[in-house]
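Architecture at a glance
As a plain string of letters, each chain reads:
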Amino acid sequence: MLVVLGAVLTVGGCTSGTAGKAGGTAGAPTAPAAGPAAIPTMDDITAVFENSATVPQYAYITDLHDGCGYTAGWIGFCSQSGDMLALVKSYDAAAPHNVLAKYTTVLQRLADSGSDDTGALGEAFVRDWKKAALDPAFRRLQIQVGHDTYLTPAMKLSAQEGVKSELGLEDLFDTALMMGPAPDDCDGMVKIAHETDKTLGGNPASGVKEAKWLARYNTVRQKHMKHPCTPGRENDWPQAVDRSQALQELADRDEWDLKAPLTVGADFKMTISSPQD
């Protein structure tokens with residue numbers, strides 16, 4: 001497991017039911033704050049949501065024709081948004097002669113222009129990505145950059161909001177990597193949290209029960225997923241509400257600590273037995 005709580009990159013994620021009852025409002029823990037023990041499980045939940053697998057799929061790469069260009073790796077790093085560029089730059093620093101280094105300039109141009117053009121990278125990039133995924137260093141960097149970019153801001157927001165459970169952190173993390181971690185992401189994690197605070201008149205830090213807050217958070221998130229203001233997400237995000245539904249089902253079952261075996265429900269119906277990165 002590799003978790004880096006350092007500088008936060010400010011790119012948004014480019015990823016691919018209705019929240020039920022509050023789900024045992026007394027069941028949400030009040031202390032301690034979510035710790036690192038559950039992070040491998042969170043990473044595996046991401047694998048379930050992204051690739052219908054119970055472990056990270058580092059070699060995955062495809063053009064989903066959803067405006068993201070190539071979507072690849074464990075969290076769906078995108079050539080259009082810039083998080084793929086951040087990953088390859090980190091790989092360049094760790095292994096200057098790596099198989100992906102020759103694409104850095106093109107990835108920079110695509111990220112700077114927000115272009116989803118995959119032709120500029122070509123089919124050779126797909127083959128080279130899969131080769132890179134055989135390198136343990138590249139796999140570790142996928143986890144590190146994913147955490148730096150999305151988990152770190154989720155941890156920061158969880159502390160501000162008073163969200164203390166591992167499941168609550170997972171809710172924020174998944175929103176950040178799918179819909180954006182920054183305050184100016186119009187459907188992002190920060191905006192959804194602030195809208196939740198407004199509708200409830202507070203947050204767990206001010207005394208609102210965490211289970212009640214998260215249930216409302218999931219409701220607000222699903223509203224954004226069904227009617228996104230983020231350009232180009234009108235078709236795919238409404239089809240991904242099962243991510244939020246699955247997380248709410250865990251809350252309804254009082255599985256706040258994300259201990260394995262953990263069944264991710266909704267449309268996924270997959271069980272994480274041995275969490276691993």
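In this report, the structure presented in the accompanying data block is examined.

Cut-off values and rules
- Residues numbered from 1 in each chain as written.
- Predicted model: local features only at pLDDT ≥ 70, side-chain atom pairs only at ≥ 80, totals over all residues.
- Heavy atoms only, no water.
- Core = buried A, V, L, I, M, F, W, Y, C linked by side-chain atoms within 4.5 Å.
- Buried < 20%, exposed > 50% of the residue type's maximum accessible area, 1.4 Å probe, protein only.
- Contact = heavy atoms within 4.5 Å.
- Pairing = 2+ DSSP bridges.
- Helix = DSSP H or I, 4+ residues; strand = E, 2+ residues; numbered from the N terminus.
- Expected span 1.5 Å × (residues − 1).

**What to know about the nonpolar core**
- In terms of nonpolar packing, the biggest core is built from 73 residues, with Leu 100, Phe 125, Trp 129 and Trp 213 touching the most fellow members.
- When residues no more than four places from it in sequence are discounted, the contact partners of Trp 129 are Tyr 58, Ala 59, Tyr 60, Ile 61, Ala 72, Gly 73, Met 84, Leu 87, Leu 100, Phe 138 and Gln 142.

**Regarding the sheet that holds strand S3 (residues 77-78)**
- The strand order S1-S2-S3 describes an open sheet built from three strands, whose pairing is antiparallel. Since the sheet does not close on itself, it has two edges, and those belong to strand S1 (61-63) and S3, each with one partner.
- Here two bridges tie strand S2 (residues 70-72) to S3, and the two strands are oriented antiparallel to one another. Opposite Thr 71, over in S3, you have Cys 78 as the bridge partner.

**Some words on helix H6 (residues 166-179)**
- If you check H6, its first and last C-alpha atoms are 20 Å apart, about what 14 residues at 1.5 Å a residue would give, namely 20 Å.
- Along H6, 14 of the 14 residues are buried, which leaves the element largely enclosed by surrounding structure.
- Backbone geometry just after H6 places Gly 180 at a positive phi near 115 degrees.

**A few points about helix H8 (residues 210-226)**
- With 17 residues, H8 should reach 24 Å at 1.5 Å per residue; the first-to-last C-alpha distance of 24 Å fits that figure.
- The element H8 is largely enclosed, with a buried count of 12 among its 17 residues.
- Residues of H8 that are buried include every one of Glu 210, Ala 211, Trp 213, Leu 214, Ala 215, Tyr 217, Asn 218, Val 220, Arg 221, Gln 222, His 224 and Met 225, and no others.
- Buried positions along H8 lie against helix H5 (136-161), H6, helix H7 (189-200) and helix H9 (241-252).

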